[in-house]
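Structure assessment
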Amino acid sequence: MNVSKNLSTDKLRYKIKDPLLQEFLKMINEELKLNCIHARYSKKGNAWLYLTFPTEFEQANALKLLKKYNWKGRSLISTLVTADTPKTNTNLTYIESNHATKKPKLDIPLSEQVLMSTIPYHSIEYEEQLRKKSEEARILFQRFGTIIQRKQPPLAEWCAMRKRQLNSDLAFELSPIIQSKKIDRYRNKCEWSVGINPENDSVAVGLRVKDSMDGIHYVGPPDCLRNLPIPMITLAKKFENFVKNYGGDWRLWRNMIIRMNEAGEVMVSIVVNQLVLDFEKLPSIKCSISKWFKENITENVVSLYFQVYGEKALADCISTPNEAELLWGQKYIIEKLLSLSLEISPATYFRLNSLGAEELCKVVADLADVNENTTVLDLFCGSGCLALTLAKKCKQVVGIELIKANILDAKRNAEINGINNCEFIAGRTEDILDSVLEKLKGCNVTVIMDPPLTGVSPGLVRTLRKFEEAINLIYVCSNHKLPLKNLLDFSSVVRYWQKPIDSDPFLPLRIVPIDMCPHTLRSELVLHFKRFSIDEILSIKTDRPSRVYSHRKFKTKFHPRTSETTSNSQPSTSGVGGLLSYLKKIEERAFQEGLAKGLERKAFQIGYSRGLQSTDSDNNTFNKNSHIYPDQ
C-alpha cells in the first residue's frame, strides 16, 4: 500500500479492466468503506497486489481492516510499501510541485514495521501460509510453461505430451510443499545492527527498518519476532545496554552476529567498523568486550569472537578472507545434519533452519538418485553440506565455491566425518569449470547447483549443456522467485531464428517446494532437470500444424494482387533453383509495391529462413527439417 495525494481518482479507476480486480476493489470500497483510488498487480508470478490511498489516515485504516480479512476463502495480509505515487497519465498534475521527489512519512508503529519487513505472514495461520506458497509456486511454473511454448515452439508438443502423462495443467510435476518441522523459533543465525531507534532517536540494537542515511541505520526492536529463539533476543538487549554505556562514538559498533545450534549452544561475534576504529585502542576494546561478557552473559554462550569490518578486508574473498578472532570459548559449535556432524564457524555458510536443511538434503538426494558409479559436481557448494550428504552414496564429489573460508570448512568437515572421496576447489565457477569438466570426461555426472538469487551466467549454462557426461541436474532456487532466464537457457531447443542448438537441453521434470522460513514470503524450490536428445524432441509429431514464425510480429504487411496470388504456386523442395526463382519474383513484386523488405516478410511466411544459399548442404538441411515445421 502507498499514499497518493491530489490525483484524479476517476482516471485512475478507469484504467482498471481486470474483472477479478474490479470485484476486489468493489468489495473494499463498498463493503469495507475504504477509498482505494488505484490498484495494480505486481510482476507476473507474484501474489501481491498494490493498492493506493489518497491520505495516510485512509492508508492506516486500510492496513487495520484488511489484516486477516477473508476473501474467497483466503486470509489476506497487508503490508506497507514505501513507494512514490504510481505511474499515471502524464496529463495528471500535482498541487505540490515537489511531491514526486518526496516519500510519504509513514505513521506506523515501529514494531509493526519490523514485522512487515521481516515476517509479513506472522498474522495468518501456518496452513494458510503453506497454501499461499504452494499457489505461488504453481503460478510461477504455469507462467514458465507459457513462456517455453511461446519462445520455443518445438517444445509445445513436448509440454502437451507431459501434461497428458501427468494428467495436469502443468508440464512439470509439482510436489506438495514440504512444511517446516519448527514453525516458531527456528532460525539458527541472526545479525543485529547497531543504529538509531527512529521513535526516540536513541542508540539501539535490532533489525533494520529503513535505509541508511549518512552512515546511520534505523533499527527496530526484536521482541515481536516469533521466528527467533529467545536467547538471541535477550542477547540483543544486553548488547544494546553495553553500547549505550560504553562511551565514545557509538558508530564504532557495527553489528552483533549470533549463531545457535539445535542443542542450544550459542556463538557470538562482535563486529566493529574499521573506519571509526582507533587501532591503538584495539586491545582496550577487546578487554571491554571480554569483561562485559563475563559479567553479564548467562545464556549458553560457548564462543565469543571479535571481528573488524572493512572494505579492504572484503576486497578479495578468495585469498584474504575476513577472519574473526576468538576471544573466549571453543572455536566451533557442532551442528547435526542427518548422519553428519558439522563444525560451524562464524563464516560457515549454513541454512537458516537446521531442520529445514535436513529436509533439503533429503529432497536433493531423492531427486539426484546417485549410486556407486555417479560423480557429483556441486557448483556454488558453500560449505559442502549437500555434497557431503551424498558423498557416501556416490563414487566421488567435486565442489566449487568462490569463498575460501567455506571451502576450508567443507574440507575440515569431510575429514571429521571420514569422507575421503570429496574434492573442494576455491575459485570463481566460470573461471575453473572448463578445467574441472575436462577431468570428468567419461564419468556419469550429476550436477547440483545452489547459485545466488540472481542465478548464473549464460556462459556457464552453455558450458554445462555442451558437457555430454552430465545427465541429471538439480537446481536449488533459494528465492521464492524463479531465475526464468536460467531455466529457459537450460531448456532451449532452437534459437530465435529457429535454428537448432548444437547441444542437448535439460528439461525440468519435477519441482519440490520446501518451506524453509515460516512466516516469510520465501520458500525454496528444488528443480530436477534431465538431459533430453534434441533430435528426439524435434521428432515429436503434432496433430495440428503450427506456423514456425507465428511468434514474430511485423509492422508492414505484403499484399500481393489477387490475380498473381492465384497464379503463383508454392516452390518445390526438390531443388534450390525453384526456390530462388520464386524468391526473386517475390522481391520484384515487393519493390513494385514499395516495400523494401517484402522479400524477408514473404520468406518468413512460407517458412524459409533469410539468407538461403544455393548449396547442396543447405538444400539437404531444408529437406531434412521440412517435416518438422509443416507449412500452412
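These figures come from a predicted structure and were not determined experimentally.

**Focus on the overall build of the chain**
Looking only at helices and strands, the chain has 19 helices and 22 strands in total. Looking at the chain as a whole, 49% of its 632 residues are labelled buried. For the chain, restricting intrachain contacts to residue pairs at least 6 apart in sequence, the fraction spanning at least 24 positions comes to 70%. Within the structure as shown, the chain displays about 32,200 Å² of accessible surface, and the carbon and sulfur contribution to it stands at 49%.

**A word on the UniProt feature "binding site: S-adenosyl-L-methionine" (unreviewed entry) in the chain**
UniProt records the feature "binding site: S-adenosyl-L-methionine" (unreviewed entry) at Phe380, Glu401 and Asp450, using the numbering of this structure. These residues run over 71 residues, yet every pair of their C-alpha atoms falls within 10.3 Å of each other. With respect to the helices, strands and loops of the structure, Phe380 is situated in the loop between strand S16 (374-379) and helix H10 (385-391). With near-sequence residues (within four places) excluded, Phe380 lies in contact with Ile400, Glu401, Thr429, Met449, Asp450, Pro451, Pro452, Val456 and Leu460.

**Details of the pattern of salt bridges**
What the rule picks out here adds up to 22 salt bridges. Lys238 is the salt-bridge partner of Glu299, the closest N and O atoms lying 3.3 Å from each other. Linking Glu299 in the loop between helix H8 (282-296) and strand S12 (301-309) with Lys238 in helix H7 (residues 230-246), this pair joins segments that are 61 residues apart in sequence. Taking relative accessible area as the criterion, Glu299 reaches 19% and is therefore assigned buried. Between Lys244 and Glu240 there is a salt bridge, and its shortest N-O distance comes to 3.2 Å.

**What about the packing of aromatic side chains?**
Here a ring pair, both rings aromatic, is described through the centre-centre distance and the interplanar angle of the planes. A full pass over the atoms with the stated rule returns 14 aromatic pairs. Here Tyr246 and Trp253 contribute two aromatic rings whose centre-to-centre distance is 5.1 Å and whose plane-to-plane angle is 90 degrees, an arrangement assigned as edge-to-face. One aromatic cluster is present, formed by Phe239, Phe242, Tyr246, Trp253 and Trp292 through successive ring pairs.

**Some words on the side chain of Asn188**
Within the secondary structure, Asn188 is located in the loop between strand S6 (173-174) and strand S7 (189-197). Judged by relative accessible area, Asn188 falls into the buried class, the value being 4%. Apart from the residues lying within four places of it in its own chain, the contact partners of Asn188 are Met232, Ile258, Arg259, Met260, Phe350, Arg351, Leu352, Asn353 and Ser354.

**Notes on the nonpolar core**
Counting residues in each nonpolar core, the largest one holds 53 residues, and the members touching the most others are Phe141, Leu377, Leu379 and Met449. It is helix H5 (residues 126-151) that provides the largest number of residues to this core, a total of six residues. Ile344, Phe350, Val370 and Ile448 belong to the second-largest nonpolar core, a separate cluster that totals 42 residues.

**Some thoughts on helix H9 (residues 354-368)**
Here H9 contains 15 residues, and its C-alpha end-to-end distance of 21 Å stays within 8% of the 21 Å for a straight helix at 1.5 Å per residue. In terms of burial, H9 is largely enclosed, as twelve of its 15 residues are buried. What H9 keeps buried is the set Ser354, Gly356, Ala357, Glu358, Glu359, Leu360, Cys361, Val363, Val364, Ala365, Leu367 and Ala368. Structurally, H9 contributes buried residues whose contacts are with strand S14 (333-337), H10, strand S19 (444-449), strand S20 (470-477), strand S21 (506-514) and strand S22 (524-531). By the N-cap criterion, in which a side-chain oxygen at the helix start approaches the backbone nitrogen of a residue two or three places on, H9 is capped by Asn353, the distance to Leu355 being 3.3 Å.

**Quick look at the confidence of the model for the chain**
Scored by pLDDT, the chain comes out at a mean of 78, with 72% of its residues at no less than 70. Ignoring residues within four places in sequence, the model shows residues 5-14, a span with pLDDT below 50, making 19 contacts including any to other chains. When the criterion is pLDDT under 50, residues 312-321 qualifies, and its contacts beyond four places in sequence or with other chains add up to 13 contacts.

**As for the environment of Met232**
With respect to the secondary-structure elements, Met232 resides in helix H7. When its relative accessible area of 0% is taken as the criterion, Met232 is described as buried. Look past the residues within four positions of Met232 in its chain and what remains in contact with it is Arg187, Asn188, Lys189, Cys190, Trp192, Ile258 and Met260.

**Thoughts on the environment of Val243**
Mapped onto the secondary structure, Val243 falls in helix H7. Overall, the relative accessible area of 6% leaves Val243 in the buried class. A sequence separation of 38 residues divides Val243 from Val205, and the C-alpha atoms of the two residues are 8.7 Å apart. Excluding residues within four positions of it along the chain, Val243 makes contact with Val194, Val203, Trp250 and Trp253.

**Notes on the pairing of strand S10 (residues 253-260)**
Counting buried positions along S10 yields seven of eight residues, so the element is predominantly enclosed. Sheet topology places S7 next to S10; five bridges connect them, and they run antiparallel. For Cys190, the partnering residue across the bridge sits in S10 and is Ile258. As judged from the seven bridges shared by S10 and strand S11 (residues 266-273), these two strands associate in the antiparallel manner. The residue of S11 that forms the bridge with Ile258 is Val268. In this structure, the hairpin formed by S10 and S11 is closed by a connection of five residues, where Gly264 is found at a positive phi of approximately 95 degrees.

**What to know about the pairing of S11**
Moving residue by residue along a regular strand, the side chains alternate between the two faces of the sheet. Most of S11 is tucked away: eight of the eight residues are buried. Judged by which residues are buried, S11 turns out to be covered on both faces: Val266, Val268, Ile270 and Val272 on one side and Met267, Ser269, Val271 and Asn273 on the other are all buried. The pairing of S11 with S12 spans eight bridges and is classified as parallel. Each bridged residue has a counterpart across the sheet, and for Ile270 the counterpart in S12 is Phe306. Tracing the backbone out of S11, into H8 and back to the parallel element S12 gives a crossover that is right-handed.

**A closer look at H8**
Here H8 spans 21 Å end to end across 15 residues, near enough to the 21 Å set by a 1.5 Å rise per residue. Of the surrounding elements, those touching the buried residues of H8 are H7, S10, S11, S12 and strand S13 (325-329).

**A word on the sheet that holds S22**
Taken together, eight strands build an open sheet; the order of strands is S6-S21-S22-S20-S19-S16-S17-S18 and the sheet is mixed. A single partner strand is all that each edge strand has here, and the edge strands are S6 and strand S18 (422-426). Across two bridges, S6 lies against S21 in parallel orientation. Across the sheet, the residue bridging to Glu173 is Arg510, located in S21. Packing against the sheet, H5 makes contact with S6, S21 and S22, and its axis sits at approximately 35 degrees to S22.

Criteria and thresholds
- Residues numbered from 1 in each chain as written.
- Predicted model: local features only at pLDDT ≥ 70, side-chain atom pairs only at ≥ 80, totals over all residues.
- Heavy atoms only, no water.
- Helix = DSSP H or I, 4+ residues; strand = E, 2+ residues; numbered from the N terminus.
- Buried < 20%, exposed > 50% of the residue type's maximum accessible area, 1.4 Å probe, protein only.
- Contact = heavy atoms within 4.5 Å.
- Areas by Shrake-Rupley, 256 points an atom, 1.4 Å probe, with all protein chains shown as cover.
- UniProt positions renumbered as here; feature names shortened; annotations may be inferred.
- Salt bridge = Lys/Arg side-chain N within 4 Å of Asp/Glu carboxyl O.
- Phe/Tyr/Trp six-rings, centres within 6.5 Å; stacked < 30°, edge-to-face > 60°.
- Core = buried A, V, L, I, M, F, W, Y, C linked by side-chain atoms within 4.5 Å.
- Expected span 1.5 Å × (residues − 1).
- Polar contact = N/O pair within 3.5 Å; in protein donor to acceptor, adjacent residues only side chain to side chain.
- pLDDT = per-residue confidence, 0-100.
- Pairing = 2+ DSSP bridges.
- Right-handed = clockwise from strand over helix to strand, strands pointing away.
- Axes fitted to C-alpha atoms, helices over the stretch in contact; angles between N-to-C directions.

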